[in-house]
Protein chains: 2
Amino acid sequence: MKSKKEIILDTALDLFAKKGYTATSTAKIAKQAGVSEGLIFRHFSNKDGLLNAIMELGKEKGQALFNLIQEFDTAKDQLRYILQIPFQIPIEEHSFWKLLYALKWQADSYDEEISSQLSVELVEIFKKLGYENCELEASYVMLLFDGMATSVLLKSHKDQKEIQQLILKKYNL
Amino acid sequence: MKSKKEIILDTALDLFAKKGYTATSTAKIAKQAGVSEGLIFRHFSNKDGLLNAIMELGKEKGQALFNLIQEFDTAKDQLRYILQIPFQIPIEEHSFWKLLYALKWQADSYDEEISSQLSVELVEIFKKLGYENCELEASYVMLLFDGMATSVLLKSHKDQKEIQQLILKKYNL
DNA sequence: TAGTTTTGTAAGTGATTACTCACTTATGAA
DNA sequence: TTCATAAGTGAGTAATCACTTACAAAACTA
């Protein structure tokens, strides 16, 4: 059984992802979570602290996805894995990724840490694959990665398998 | 000289793009614009009406960019033009596009009209270019387009010329 | 010039905001 | 049992929210 703290975290993530951070009041979170509003501030220093806790938990799950890159032996396999990450984001984690991507457009972004790490790994992969301008090709894939994630998180799900195939084909994977 | 109505529109766009729609109060808009808060509601029915007026003005400017597609004779020239649109968004229109992309992650999106039109044109272009699966290739370019725009609007400006070149090269343009 | 409309302001409105406070209840160790 | 701490509540707080009202200045029209 989930603790009330966990319920608050889940509910806040759900509402932040659906309605946006500023558009979600602590009163609404408390009501939907079935707890008193005061309890939110017992567990978290303030509304920002609640958001930070959510992003910290989500980042750990995201990190797990990226750590798997190293498990693949060849650069080709690693690239194939990276290019399909956006399409395999678990349903249960959709809210977190949606919130992460929505927050990118506000002042403070939470995704720089993760994305810069991915960028570094991509450069290494393209070096191994013998590409001319590895940094540039990595930047392109980062851009493609953002586009894929946006498509998965916002658009309909029907053509995604085909698009995924097309992208892998473009990199001879 | 700009009318106070125009100053309100400019100021609201600036703040909405920087801080987000819900995080920007009508009081802050009035203060930065140097007008009374009441004047906002004299010119616009409510805060949503103000946003709608901004998006309507911006959409016209955006439409002008897309209408230029038809000015090019060959499918190749049209595709070349489309692929560089995100890189040539005027500085003065950055706020509008940033707001448009930020709002995509909230409930109601304003960009479907524009993007669906672009999608249709891309399918036609790929038909003319003899591509196998034109709808799929168009979806891919739409996704790429989103990634490019995001990169231009949020990231540093230094590598963008090179990325633009790379993308054109990938389509033999 | 007189009358009408438009543009603008200052001071409000009730509702909602994030957050606090005093207090009660549950948990667990000695 | 006792005592300390953690978990939880409900009723507050001042500030801010979107929006309204009453009224004045300015601009247009006859």
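Residues numbered from 1 in each chain as written. Chains lettered and ligands numbered in written order. Predicted model: local features only at pLDDT ≥ 70, side-chain atom pairs only at ≥ 80, totals over all residues. Heavy atoms only, no water.

**Q** It is not clear to me how the overall build of chain A should be interpreted in this structure. Could you clarify?
**A** The number of helices and strands found in chain A is nine helices and zero strands. Along its sequence from the N terminus, chain A presents helices and strands in the succession α-α-α-α-α-α-α-α-α. Counting only C-alpha atoms, chain A reaches 60 × 35 × 30 Å along its principal axes. The buried share among the 173 residues of chain A stands at 49%. Put simply, 66% of the contacts in chain A that link residues at least 6 apart link residues at least 24 apart. Carbon together with sulfur atoms contributes 51% to the accessible area of chain A, which is approximately 8,800 Å² in total. Looking at chain A, you have 22 positive and 24 negative side-chain charges, and the mean spots of the two groups are 8 Å apart. (Helix = DSSP H or I, 4+ residues; strand = E, 2+ residues; numbered from the N terminus. Buried < 20%, exposed > 50% of the residue type's maximum accessible area, 1.4 Å probe, protein only. Contact = heavy atoms within 4.5 Å. Areas by Shrake-Rupley, 256 points an atom, 1.4 Å probe, with all protein chains shown as cover. Lys, Arg positive; Asp, Glu negative; His and termini not counted. Charge placed at Lys NZ, Arg CZ, Asp CG, Glu CD.)

**Q** Sorry if this is basic, but what is going on with the domain arrangement of chain A here?
**A** Interfaces are often described in size by the accessible area the parts lose on coming together. Residues and elements named next belong to chain A. Segmenting chain A into domains produces domain 1 (1–45) and domain 2 (55–170). For domain 1 versus domain 2, the distance between C-alpha centres works out to 29 Å. Tallying the contact residues gives five residues for domain 1 and six residues for domain 2. Around 490 Å² of area is buried between domain 1 and domain 2 when both sides are counted, 77% of it from carbon and sulfur atoms. In this assembly, domain 1 and domain 2 are joined by zero salt bridges. Connecting domain 1 to domain 2 are zero residue pairs in polar contact (both at pLDDT 80 or more). Here the side of domain 1 that touches domain 2 is composed, by residue class, of five nonpolar, no polar and no charged. (Domains from an automatic or database assignment. Buried area = accessible area lost by both parts, 1.4 Å probe. Salt bridge = Lys/Arg side-chain N within 4 Å of Asp/Glu carboxyl O. Polar contact = N/O pair within 3.5 Å; in protein donor to acceptor, adjacent residues only side chain to side chain. Nonpolar A, V, L, I, M, F, W, Y, C, P; charged D, E, K, R; others polar.)

**Q** Hey, could you run me through the environment of L153(B) in this one?
**A** Tracing the backbone through its elements, the reader meets L153(B) in helix α8 (residues 134–154). For L153(B), a relative accessible area of 11% puts it in the buried group. A C-alpha to C-alpha distance of 17 Å links L153(B) and K61(B), two positions 92 residues apart in sequence. Leaving out residues up to four positions away in the same chain, L153(B) has contacts with W105(A), H94(B), W97(B), K98(B) and Y101(B).

**Q** Just to check I follow, could you spell out the packing of helix α5 (residues 75–84) of chain A against helix α7 (residues 112–128) of chain A for this structure?
**A** Each pair of packed helices gets described by two things: the angle between the helix axes and the distance between those axes. All names here are of chain A. Their axes nearest at 9 Å, the elements α5 and α7 cross at an angle of 140°. Relative to α7, α5 is oriented oblique. In this structure, the crossing between α5 and α7 has a hand that is left-handed. Contact residues: α5 offers A75, Q78, L79 and I82, while α7 offers L118, L122, I125, F126 and K128. Here the contact of α5 with α7 is composed, by residue class, of seven nonpolar, one polar and one charged. (Axes fitted to C-alpha atoms, helices over the stretch in contact; angles between N-to-C directions. Parallel < 35°, antiparallel > 145°, perpendicular 65-115°, else oblique. Left-handed = near helix turned anticlockwise from the far one by under 90°.)

**Q** Looking at this model, I keep getting lost on the side chain of D146(B). Mind explaining?
**A** Residue position: D146(B) is located in helix α8. Assessed through its relative accessible area of 10%, D146(B) is described here as buried. Sequence-distant contacts of D146(B), that is, excluding residues within four places in its chain, are made with T150(A), K155(A), Y101(B) and K104(B).

**Q** Help me out: how do you make sense of the interface of chain A and chain B in this one?
**A** Taken together, the 33 residues of chain A in the interface contact 33 residues of chain B. Here chain A packs against chain B, burying approximately 2,900 Å² in sum over the two surfaces, 70% of which is carbon and sulfur. Of all residues in chain A, W105(A), Y140(A) and L143(A) bury the most surface against chain B, accounting for 29% of the area lost on that side. Across the chain A-chain B interface, the total number found is four salt bridges. One salt bridge connects D146(A) with K155(B), and the closest N-O pair in it is separated by 3.7 Å. At the junction of chain A with chain B, the criterion picks out four residue pairs in polar contact (both at pLDDT 80 or more). Elements that contribute at least two residues to the side of chain A that touches chain B include exactly α1 (4–19), α6 (94–103), α8 (134–154) and α9 (160–170) of chain A. Ranked by residues supplied to the side of chain A that touches chain B, first place goes to α8(A) with 13 residues. Classifying every residue of the side of chain A that touches chain B by side-chain character gives 17 nonpolar, eight polar and eight charged.

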